[in-house]
Amino acid sequence: ETGVTQTPRHLVMGMTNKKSLKCEQHLGHNAMYWYKQSAKKPLELMFVYSLEERVENNSVPSRFSPECPNSSHLFLHLHTLQPEDSALYLCASSQDRDRETQYFGPGTRLLVL
Amino acid sequence: AQSVTQPDIHITVSEGASLELRCNYSYGATPYLFWYVQSPGQGLQLLLKYFSGDTLVQGIKGFEAEFKRSQSSFNLRKPSVHWSDAAEYFCAVARWTGTASKLTFGTGTRLQVTL
């Protein structure tokens, strides 16, 4: 595997389910990001981890819970989501220095019923 | 606060025609600017970036972009579009917070290519 991978690619869940999204980067980076992409809205930054420490949390509801066990893996735990949470969730990584580019995974398409 | 405006939601061009996608940014300091492309059902792929130096930057797939500070613009161009260029294009500006790089994206421009 190369670059940034995300699993699953598609997920359908009910509002009472608990599920997790997984992101893995194979680039040796030490910063990882979760973004939400909804139709007709700009990409929204949700969380940023730098050296496995959360450094940004952009007013995301607590039903989204991130976890970064090491610099290569990032999870987004989902619990009691709402239909408006249906979106494409994108993971990205970068080397945690100034002027470093973020590289994106293919995303997980989430549908909440 | 930084912001990015992509005034064209949807553009249609004929294959072989030239292309220019507009991007205007708002940022107090020297911006770090990016163009990404997203094909349907896929993540974002980096086309090119500008940090400093030459204001005309070359990217992948034959794309280029020109940074114009006086106009706060970073427009993307391609001299001859191919049908495979049909996708959504996002302009973004980055800010280093001291602990992480924070990207702000425009709303995107969807490019349709007619044969």
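The residue count restarts for each chain, going from 1 along the sequence in the order it is written. Lettering for chains starts from A, numbering for ligands starts from 1, and both go in the order in which the items are written. This being a predicted model, a pLDDT of at least 70 is required before a residue's local features are given, and a value of 80 or more before pairs of side-chain atoms are given or counted; all residues contribute to the totals for chains, interfaces and linings. Values shown for side chains rest on all heavy atoms present in the structure; no hydrogens or waters enter the calculation.

**So, the interface of chain A and chain B**
In many reports, interface size means the accessible area that the parts give up when they come together. Condition: Contacts are assigned to residue pairs with any non-hydrogen atoms lying within 4.5 Å of each other. Summed over both partners, the accessible area (1.4 Å probe) lost when two parts come together is defined as the buried area. Salt bridges, as used here, are contacts in which a Lys or Arg side-chain nitrogen is within 4 Å of a carboxyl oxygen on Asp or Glu. Here a polar contact is taken to be a pair of N or O atoms separated by no more than 3.5 Å, where protein atoms must pair a possible hydrogen donor with a possible acceptor and residues adjacent in sequence count only if both atoms sit in side chains. In this text, helices come from DSSP runs of H or I with a minimum length of four residues, and strands from runs of E with a minimum of two, each type numbered from the N-terminal end. Residues are grouped as follows: nonpolar covers Ala, Val, Leu, Ile, Met, Phe, Trp, Tyr, Cys and Pro; charged covers Asp, Glu, Lys and Arg; every other residue, Gly included, is treated as polar.
With 25 residues of chain A in contact, the opposing surface of chain B contributes 23 residues. Carbon and sulfur atoms supply 55% of the area that chain A and chain B bury against each other, a total of about 2000 Å² over both sides. Between chain A and chain B we count 0 salt bridges in total. Taken together, the connections running from chain A to chain B amount to 6 residue pairs in polar contact (both at pLDDT 80 or more). For the side of chain A that touches chain B, the secondary structure elements donating two or more residues are β4 (31-37), β5 (44-50), β6 (53-57), β9 (87-94) and β10 (103-104) of chain A. Looking at the side of chain A that touches chain B residue by residue, the class counts come to 12 nonpolar, 6 polar and 7 charged.

**What to know about the environment of B:Thr109**
Residues and elements named next belong to chain B. What counts here: Burial classes: relative accessible area under 20% of the type maximum marks a residue as buried, over 50% as exposed, and values in between as partly exposed (1.4 Å probe, protein chains only).
Tracing the backbone through its elements, the reader meets Thr109 in strand β12 (residues 109-114). Judged by its relative accessible area of 1%, Thr109 falls in the buried class. For the pair Thr109 and Cys23, spaced 86 residues apart in sequence, the C-alpha separation works out to 9.6 Å. Filtering out sequence-adjacent residues up to four positions away, Thr109 remains in contact with Gln6, Asp8, Ile9, Ile11, Leu21, Ala87, Glu88 and Tyr89. Engagement of the side chain of Thr109 in a polar contact is seen with the side chain of Gln6, the distance being 3.5 Å. A distance of 2.5 Å separates a polar atom in the side chain of Thr109 from the backbone oxygen of Asp8.

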